[in-house]
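Residue strings, one per chain:
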Amino acid sequence: MARTGTNHTLLNTGSRGGALRATLAGLLLLGGLGGSGGAAALAEPARTPTTAEILDASPAADWRPLDPASTLYLDLDGGRVIVELAPAFAPRHVEAIQSMVRAGASDAAINRVQDNFVVQWNLTSTPQPTLAGEFTRPDDPALGFTPLPDGDVYAPEAGFASGMPAARDGKGAIWLVHCYGMVGVGRENAADSGTGAELYAIIGHAPRHLDRNITVVGRVVAGMELLSSLPRGKGAMGFYESPARPIPFRAVRLAADVPAAERQSLEVLRTDSPTFAALVESRRNRQDDFYHVPAGAIDVCSVPIPVRERPAR
């Protein structure tokens with residue numbers, strides 16, 4: 001996935017000079033708001049609002065909290081990486097991950113960092129039962145698929161489902177896609193050779209050719225910078241060569257097993273919300289001062305899914 005500045009950065013979306021109070025229609029025609037009124041306002045060209053303006057105007061209902069039972073905390077010396085798991089797409093693998101973590105992932109460590117590709121880690125060195133690949137699943141309206149208006153190279157349709165980048169084939173199948181920050185399950189050649197004990201996160205350009213070939217179990221929602229800045233492995237495929245080299249996690253826990261006072265209270269913008277629709281349109285047609293030629297299109301891996309600290313209410 002092409003990296004974007006806000007895709008995996010915890011966003012501060014508090015009031016900046018006062019939040020805009022506008023409907024979605026108003027957001028998409030922001031150039032007509034707050035002008036001198038009348039004919040002068042009509043004469044002004046409409047402009048697409050910025051991401052910050054859109055998020056400032058977002059109602060609380062357009063955000064959702066992370067489910068503690070499906071939120072993985074990976075603590076490194078430098079800070080915490082937070083992964084939102086996707087049981088709607090890979091229930092057997094997510095259940096296995098939850099079981100391993102709750103059994104005590106005392107030897108969990110990062111053992112591979114391949115430049116422009118992945119960071120890979122083991123949750124445990126104890127042998128685990130293999131699982132059938134969960135590469136796709138049947139489409140379901142309950143997933144809330146939000147299609148992008150532009151085409152996709154790897155699928156008939158791409159968009160977002162259950163807060164994750166996804167694609168579908170129009171024949172009843174849907175799957176999560178390999179964008180920057182997505183988390184997948186390592187396996188051997190056989191489709192049923194993964195266990196969930198070996199996981200990786202994408203730290204480079206989106207390897208979409210892996211879609212429907214590997215089980216994707218979630219995405220990093222915070223701490224991505226901790227993974228992407230790790231030393232690159234010098235061995236084949238970025239593996240650390242020395243047995244002493246793997247980078248251990250200080251702790252691996254589910255948020256549900258962490259005292260509430262010690263959890264990070266994060267919320268994610270709903271990908272089936274009017275605010276997200278406005279954000280997609282804004283990213284497709286960047287019109288701030290830096291952009292002289294708006295692209296007029298966007299791919300699924302270039303749309304940020306904002307995450308923020310939950311504001312006090």
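Keep in mind it's a predicted model, so treat the numbers as computed, not measured.

Rules used throughout
- Residues numbered from 1 in each chain as written.
- Predicted model: local features only at pLDDT ≥ 70, side-chain atom pairs only at ≥ 80, totals over all residues.
- Heavy atoms only, no water.
- Helix = DSSP H or I, 4+ residues; strand = E, 2+ residues; numbered from the N terminus.
- Polar contact = N/O pair within 3.5 Å; in protein donor to acceptor, adjacent residues only side chain to side chain.
- Buried < 20%, exposed > 50% of the residue type's maximum accessible area, 1.4 Å probe, protein only.
- Phe/Tyr/Trp six-rings, centres within 6.5 Å; stacked < 30°, edge-to-face > 60°.
- Disulfide = S-S within 2.5 Å.
- Contact = heavy atoms within 4.5 Å.

**A few points about the side chain of arginine 284**
1) Next: As for its placement among the helices and strands, arginine 284 is situated in helix α6 (residues 274-284).
2) Next: A polar atom in the side chain of arginine 284 sits 2.9 Å from the side chain of glutamate 281.

**Describing unusual backbone geometry**
1) Next: Even without being a glycine, asparagine 116 presents a positive backbone phi close to 60 degrees.
2) Next: Here asparagine 116 lies in the loop between β5 (109-114) and β6 (118-122).
3) Next: Positive phi is not limited to glycine here, since methionine 237 has a value of about 60 degrees.
4) Next: Assignment of secondary structure puts methionine 237 in the loop between α5 (224-228) and β15 (247-248).
5) Next: Residue classification places methionine 237 among the exposed positions, given a relative accessible area of 52%.

**Description of the packing of aromatic side chains**
1) Next: Throughout the structure, instances matching the rule amount to 3 aromatic pairs.
2) Next: Arranged with centres 6.2 Å apart and planes meeting at 80 degrees, the rings of tryptophan 121 and phenylalanine 249 form a pair that is edge-to-face. Of this pair, tryptophan 121 sits in strand β6 while phenylalanine 249 sits in the loop between β15 and β16 (251-254), placing them 128 residues apart in sequence.
3) Next: Judged by relative accessible area, which is 0%, tryptophan 121 ranks as buried.

**Section: the state of the cysteines**
1) Next: Within this structure, the stated rule accounts for 1 disulfide.
2) Next: At a sulfur-sulfur separation of 2.0 Å, the disulfide partner of cysteine 179 is cysteine 301. Measuring the twist about the S-S bond at about -80 degrees, one finds the cysteine 179-cysteine 301 disulfide to be left-handed. Of this pair, cysteine 179 sits in the loop between β11 (173-176) and β12 (182-185) while cysteine 301 is found in the loop between α6 and β18 (307-309), placing the two residues 122 residues apart along the sequence.

**Considerations on the environment of glycine 218**
1) Next: Secondary-structure assignment places glycine 218 in strand β14 (residues 216-222).
2) Next: Along the backbone, glycine 218 and proline 165 are 53 residues apart, and their C-alpha atoms lie at a distance of 9.8 Å.
3) Next: Once you skip the residues sitting within four places of it in the chain, glycine 218 turns out to touch Glu84, Leu85, Ala86, Met164, Met182 and Val183.

Note that all results are geometric; they support no functional claim without further evidence.
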